[in-house]
Amino acid sequence: SLQMLLNNGSLNGDTLLILDEPEAHLHPQWIVEYGRFLVYLNKVIGVKLLVASHNPDMVSALKYITEKEGNPEKLNFYLAEQKSEAYQYDYKHLGTDIDAIFESYNKSYEKLDNYAD
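Residues numbered from 1 in each chain as written. Predicted model: local features only at pLDDT ≥ 70, side-chain atom pairs only at ≥ 80, totals over all residues. Heavy atoms only, no water.

Points about the layout of surface pockets
To locate leftover empty space, one rolls a probe as large as a water molecule over the atoms. To be explicit about the condition: Grid spacing is 1 Å over the protein atoms alone, the probe is 1.4 Å, and a cavity is where that probe fits but cannot get out, while a pocket is an open set with protein on both sides within 12 Å along at least five of seven lines and lining residues have an atom within 4 Å of a point. Grid points are joined across faces, edges and corners, and a volume is the space filled by probe spheres set on the points. Elements are defined by DSSP. Helices are runs of H or I of four residues or more, strands are runs of E of two residues or more, and each kind is numbered from the N terminus. When residue character is reported, Ala, Val, Leu, Ile, Met, Phe, Trp, Tyr, Cys and Pro are called nonpolar, Asp, Glu, Lys and Arg charged, and the others, Gly included, polar.
Within this model, the largest pocket holds a volume of roughly 890 Å³. Lining of the largest pocket is provided by 29 residues; of these, V51, A52, N76, F77 and Y78 occupy positions nearest its centre. For the lining of the largest pocket, the secondary structure elements donating two or more residues are α2 (28-45), β2 (48-52), α3 (56-68), β3 (77-82), β4 (89-95) and α4 (99-105). When residues in the lining of the largest pocket are grouped by element, the largest group, 5 residues, is from β2. Its residues assigned to classes, the lining of the largest pocket shows 18 nonpolar, 7 polar and 4 charged.

Here it is in structure tokens:
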């Protein structure tokens, strides 16, 4: 676990953590706490993070906690946009603006409309 890595000194300013959907199966409250812990690792220890997430609570936690901690210059969001070729994507740099990410989440609601009477 990350806590064990932290406790035994394995995490430092040279560490790059790549986390794919780290919030999977967590309660929304714990997603926010996980995000807060990731921000802490970056701010206090200098751990670099690459986090892939489809969860609005995780995205929001990373953005707003980082801003509240005074480190927004260290935060960058990207949005994967599929190219016309199958299985190829461009990654659009968003800076700290998460609006486009939340717009992409809304596509699932549009799909639900296709199934309604």
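What to know about the nonpolar core
Filter applied, for reference: Residues belong to a common nonpolar core when they are buried Ala, Val, Leu, Ile, Met, Phe, Trp, Tyr or Cys residues joined through side-chain atoms within 4.5 Å. Type-normalised accessible area, obtained with a 1.4 Å probe on protein chains alone, sets the label of each residue: buried when under 20%, exposed when over 50%, and partly exposed for intermediate values.
In this structure, L17, L41, F77 and I101 are the most contacted members of the largest nonpolar core, which totals 22 residues. Those elements that provide at least two residues to this core are β1 (16-20), α2, α3, β3 and α4.

Description of unusual backbone geometry
Look at H25: it is not a glycine, yet its phi comes out positive at around 70°. Within the fold, H25 resides in the loop between β1 and α2. The phi torsion at Y87 lies on the positive side, around 65°, for a residue other than glycine.

A short note on a nonpolar patch on the surface
Just so we agree on the cut-off: For patch building, the residue pool is restricted to those with more than 30% relative accessible area and no salt bridge; the joining distance is 9 Å between like charges and 5 Å between nonpolar side chains (Val, Leu, Ile, Met, Phe, Trp, Tyr). Reported accessibility uses the Shrake-Rupley method at a 1.4 Å probe radius. Residues are deemed covered only where the shown protein chains occlude them. We define a salt bridge as a side-chain nitrogen of Lys or Arg found within 4 Å of a carboxyl oxygen belonging to Asp or Glu.
Together, L16, I18 and L50 give the surface a local cluster of nonpolar side chains, amounting to about 330 Å² of exposed area. With respect to the helices and strands, L50 occurs in strand β2.

A look at α2
Side chains three or four residues apart in an α-helix point the same way, a direct result of the helix having 3.6 residues per turn. What counts, and what does not: One less than the number of residues in a helix, times 1.5 Å, gives the span that helix is expected to have. Should any heavy atoms of two residues lie within 4.5 Å, those residues are considered in contact.
Taking 1.5 Å per residue as the helical rise, α2 with its 18 residues ought to reach 26 Å, and the 25 Å between its terminal C-alpha atoms agrees with that figure. Among the residues of α2, those classed as buried are I31, G35, F37, L38, V39, L41 and N42. Against the buried residues of α2 lie α1 (2-7), β1, β2 and α3. Positive backbone phi, approximately 90°, marks G46, located one or two places after α2.

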